[in-house]
Amino acid sequence: MRLIKTLPILLSLGAALGSVSAWALPNDSQQPIRIQADDAQLDDKNGVATYKGDVIITQGSMKITGNTVTITRAKSGEIDVVTSVGNLAYFEQLQKQTDPKPVQAYAVTIQYHAQQNRVVLIDKAKVINDGNTTEGEKIIYDTVKQVANAGRANGSSITAPRPRIDMVIQPKKKTDEQKAQ
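Right, let's walk through the structure included here. Within each chain, residue numbers correspond to sequence positions counted from 1 in written order. Given that the model is predicted, a residue must reach a pLDDT of at least 70 before its local features are reported, and side-chain atom pairs must reach 80 or more before they are shown or counted; all residues, however, enter totals for whole chains, interfaces and linings. The side-chain values count all of the structure's non-hydrogen atoms but skip hydrogen atoms and water molecules.

## Remarks on the packing of aromatic side chains
In step 1: Each aromatic pair joins two rings of Phe, Tyr and Trp (for Trp, the six-membered one) with centres within 6.5 Å, and gets the label stacked for planes under 30 degrees apart, edge-to-face for over 60, and tilted for any other angle. A full pass over the atoms with the stated rule returns 1 aromatic pair.
In step 2: Pairing Tyr90 with Tyr106 gives two aromatic rings, centres 4.9 Å apart and planes at 50°, and the pair type is tilted. A residue pair is termed long-range when its members are at least 10 positions apart, and Tyr90 in strand S5 (residues 79–93) and Tyr106 in strand S6 (residues 103–113) qualify at 16 residues. Strands are runs of DSSP state E lasting at least two residues, helices are runs of H or I lasting at least four, and both sets are numbered from the N terminus onward.

## Re the pattern of salt bridges
In step 1: Between Lys or Arg on one side and Asp or Glu on the other, a salt bridge is scored when a side-chain nitrogen of the former is within 4 Å of a carboxyl oxygen of the latter. In the structure shown here, the tally under the stated rule is 1 salt bridge.
In step 2: Across the salt bridge formed by Arg152 and Glu137, the nearest N and O atoms sit 3.1 Å from each other. Separated by 15 residues along the polypeptide, Arg152 in the loop between strand S9 (147–151) and strand S10 (166–168) and Glu137 in strand S8 (residues 132–142) bring together distant segments of the chain.
In step 3: Residue classification places Glu137 among the buried residues on the basis of a relative accessible area of 3%. Only protein chains enter the calculation, and the probe is 1.4 Å; a residue is then buried if its accessible area is under 20% of its type maximum, exposed if over 50%, and partly exposed in between.

## Overview of the nonpolar core
Looking at soluble globular proteins, one finds that nonpolar side chains tend to be buried together.
In step 1: What makes a nonpolar core is a set of buried Ala, Val, Leu, Ile, Met, Phe, Trp, Tyr and Cys residues whose side-chain atoms join them at distances within 4.5 Å. Formed by 23 residues in total, the largest nonpolar core has its most connected members in Ile71 and Leu121.
In step 2: Contributing elements (two or more residues each) for this core: strand S3 (48–59), strand S4 (62–73), S5, S6 and strand S7 (118–129).
In step 3: By residue number, the principal contributor to this core is S6, which donates 5 residues.

## Some points on the environment of Lys63
In step 1: Relative to the elements of secondary structure, Lys63 occurs in strand S4.
In step 2: When the C-alpha atoms of Lys63 and Phe91 are compared, they prove to be 5.7 Å apart, with 28 residues separating the residues in sequence.

## Examining a nonpolar patch on the surface
In step 1: Patches draw on residues past 30% relative accessible area with no salt bridge. Two like charges within 9 Å are joined, as are two nonpolar side chains (Val, Leu, Ile, Met, Phe, Trp, Tyr) within 5 Å. In this description, accessible areas are obtained by the Shrake-Rupley approach with a 1.4 Å probe, and a residue is regarded as covered only by the protein chains that are shown. A cluster of nonpolar side chains, namely Ile165, Met167 and Ile169, defines an oily patch on the protein surface of about 240 Å² accessible area.
In step 2: Within the secondary structure, Met167 is located in strand S10.

Right, here's the structure in full:
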């Protein structure tokens, strides 16, 4: 599932939209996908699967939750768009085996556009990574170009208007060698 390979890159956005070197755990994409929901509707002909009711999707260290998660497939059979909607939809994934905490993302709507290598967080968007946070109405991340845009969600229905981006960047921790100098 390409979702595992690229969505975690978005989540390094929490490191001030600048340090985008994190990747998902290498074996996550080889793990089984588990989906738990109260209701599932599968439309193989149109390539759409909709899961409702406290949806939890896990694969390796990755976890996506929402009230409703819709997965659409391209004609080739590959995943095209994964949309998680909730109050709030949630995503987490470890970037490295040694990380103490996973990177976390929240939004009313989280969309992963696999064919365009783009992740969109809309309405109450927030990314947390190693103490760094980015918050705004909308955060868009191109996983190939490693370019992020955060700002207003023009044209989208927003429940909590937020005209400005709010970021918290933690100072880099010095190693023992750097402290000795």
